[in-house]
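What the coordinates show
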Amino acid sequence: ACWWQRESGRMSHLPGDPPELADLLRQQDGVVSAASALAWMSPKELRWRVTSGRWQRPCRGIVVAHSGPLTPRQRLWVAVLWAGPGAVLAGLTAAALDGLEGFPVTRTHLLVPARRSVRKEPPGLPLALHYSTALTPDDVHPVRAPRRTRVARSLVDAAAWAGHDRRAQAVLAAGVQQRLARPADLLAVVAANRRLARRVMIKATLDDIAGGAQALSELDLTRLVRRHRLPEPDRQAPRRDAAGRRRWLDAVWEAARVIVEVDGIHHVDAAEYWADMDRDIDFTLGGYRILRFPSFVVRYHGDYVAGKLRDALRAEAVLAEAGRIEIPA
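So, here is what we can say about the structure in this document.

Here is what the cut-offs are and how they apply
- Residues numbered from 1 in each chain as written.
- Predicted model: local features only at pLDDT ≥ 70, side-chain atom pairs only at ≥ 80, totals over all residues.
- Heavy atoms only, no water.
- Helix = DSSP H or I, 4+ residues; strand = E, 2+ residues; numbered from the N terminus.
- Buried < 20%, exposed > 50% of the residue type's maximum accessible area, 1.4 Å probe, protein only.
- Contact = heavy atoms within 4.5 Å.
- Areas by Shrake-Rupley, 256 points an atom, 1.4 Å probe, with all protein chains shown as cover.
- Pairing = 2+ DSSP bridges.
- Arc of directions from axis to C-beta.
- Core = buried A, V, L, I, M, F, W, Y, C linked by side-chain atoms within 4.5 Å.
- Salt bridge = Lys/Arg side-chain N within 4 Å of Asp/Glu carboxyl O.
- Expected span 1.5 Å × (residues − 1).
- Axes fitted to C-alpha atoms, helices over the stretch in contact; angles between N-to-C directions.
- Parallel < 35°, antiparallel > 145°, perpendicular 65-115°, else oblique.
- Left-handed = near helix turned anticlockwise from the far one by under 90°.
- Nonpolar A, V, L, I, M, F, W, Y, C, P; charged D, E, K, R; others polar.

Some details on the overall build of the protein
In terms of regular secondary structure, the protein is built from 13 helices and 12 strands. Burial analysis of the protein (329 residues in total) assigns 49% to the buried set. A fraction of 54% describes how many contacts in the protein between residues 6 or more apart in sequence connect residues 24 or more apart. Accessible surface, the protein as shown: approximately 16900 Å² in total, 53% of it carbon and sulfur.

Written out as structure tokens, the structure is:
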């Protein structure tokens with residue numbers, strides 16, 4: 001067995017190190033705490049490996065078993081090992097490792113148990129330290145490395161630590177839409193942490209997502225409907241078009257035969273645009289009235305959207321003589 005070193009993209013080996021040290025280096029991408037290294041070598045030997053350039057010390061208490069630039073993953077290992085026992089990657093950092101897309105991570109988020117101190121000399125990395133009294137072993141993924149929170153906890157923390165409410169809602173919506181977590185899992189995390197920042201807003205958002213509003217634009221539509229006291233629609237409702245194909249609708253008022261679709265930027269694509277038109281034609285032939293709005297109009301021109309929607313609901317109710325939907329004046 002031997003320890004390994006990365007030089008010019010190649011692996012080189014030196015004999016004599018115990019297999020336990022080699023295994024730890026492999027498991028942790030070549031990054032270990034100095035205390036761990038000293039379990040298998042003397043302080044003099046560790047000092048020689050660093051001063052000779054075979055290893056490097058990116059910060060106090062942490063060594064890396066090569067002398068080249070650190071990879072992004074090695075930087076994460078440096079951060080979590082520097083923060084000490086019990087510390088884990090969290091928030092957007094952990095969520096991105098588990099597949100969350102669309103949210104660039106500019107800082108390494110670390111979650112540390114409350115009443116625990118970290119080393120005074122931080123690594124040369126942009127860090128965001130968070131402390132929690134509600135960090136339990138169940139919140140930490142048992143096998144994934146570097147150590148990090150489970151994805152549901154990561155998403156809820158990312159929402160709590162977001163710069164503003166809208167970004168918090170976007171993180172939650174994206175996590176569910178990208179099939180990383182179920183609303184029930186996220187709500188369980190919220191229920192377990194009574195001191196969670198934005199707790200009321202996060203729970204309300206997750207309740208809306210559980211009701212079918214999965215994208216941020218759909219959450220905007222949900223708030224618009226409630227603000228203008230319009231009837232609640234079915235959200236992300238499955239329907240069959242004229243050809244019998246299963247379609248998912250952003251919002252549908254079945255009694256009034258009215259559909260609302262909220263379009264994001266991807267609908268500008270020519271193929272997507274034609275797919276939308278084709279679907280609209282099928283539903284129109286099936287007796288539905290379709291209102292399609294860009295997401296920015298729903299977000300910033302709610303009165304306009306509510307007026308058009310109210311007119312559509314009222315017109316369809318009159319035409320069908322349904323009398324089953326009460327439309328406020």
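Focus: the sheet that holds strand E8 (residues 127-132)
Here we have 3 strands laid out as an open sheet, ordered E6-E7-E8, and mixed in their pairing. Lying at the two open borders of the sheet, with one neighbouring strand each, are strand E6 (88-89) and E8. Alignment of strand E7 (residues 108-113) against E8, held across 6 bridges, turns out to be parallel. Its bridge partner lying in E8, Leu110 is registered against Leu129.

Points about helix H1 (residues 19-27)
What H1 keeps buried is the set Leu21, Ala22, Leu24 and Leu25. Viewed along the axis of H1, the buried residues span an arc of 160°, placing them on a single side of the element. Exposed residues on H1 whose side chains face more than 90 degrees from its buried face are Arg26 and Gln27. Once H1 finishes, Asp29 follows within two positions and takes phi at roughly 55°, a positive value.

With respect to the nonpolar core
Counting residues in each nonpolar core, the largest one holds 30 residues, and the members touching the most others are Leu100, Phe103, Leu155, Leu186, Ile202, Leu206 and Ile209. Those elements giving two or more residues to this core turn out to be helix H5 (91-97), helix H6 (151-161), helix H7 (165-177), helix H8 (183-192), helix H9 (199-210) and helix H10 (216-227). Counting residues in each nonpolar core, the second largest holds 20 residues, with Leu70, Ala79, Ala83 and Leu110 among its members.

Focus on the pattern of salt bridges
Evaluated as defined, the whole model comprises 17 salt bridges. Among the charged side chains, a network of salt bridges with common partners joins Asp17, Glu45 and Arg49.

A closer look at unusual backbone geometry
Residue Pro146 is bonded to the preceding Ala145 through a cis peptide linkage, with omega at -5°. Mapped onto the fold, Pro146 is located in the loop between E8 and H6. Here the phi dihedral of Asp29 falls at roughly 55°; this positive angle occurs in a residue that is not glycine. Structurally, Asp29 is set in the loop between H1 and strand E3 (31-33). The class for Asp29 is partly exposed, based on a relative accessible area of 24%. Of note, the phi angle at Arg179 is positive, near 60°, even though the residue is not glycine. In this structure, Arg179 sits in the loop between H7 and H8.

Quick notes on H10
The terminal C-alpha atoms of H10 lie 16 Å apart, and with 12 residues this matches the ideal 16 Å at 1.5 Å per residue to within 8%. Taken residue by residue, H10 has Leu216, Ser217, Glu218, Leu219, Asp220, Leu221, Thr222, Leu224 and Val225 as its buried positions. A positive backbone phi angle near 55° is found at Arg229, which sits one or two residues after H10.

What about the packing of H8 against H9?
Running from N to C, H8 and H9 point in directions that differ by 160°, and their axes come no closer than 10 Å. Here H9 runs roughly antiparallel to H8, going by the angle between their axes. The crossing of H8 and H9 is left-handed. Together, Pro183, Leu186, Leu187, Val190 and Ala191 of H8 and Arg199, Ile202, Lys203, Leu206, Asp207, Ile209 and Ala210 of H9 make up the contact between the two elements. Looking at side-chain class alone, the contact of H8 with H9 contains 9 nonpolar, no polar and 3 charged residues.

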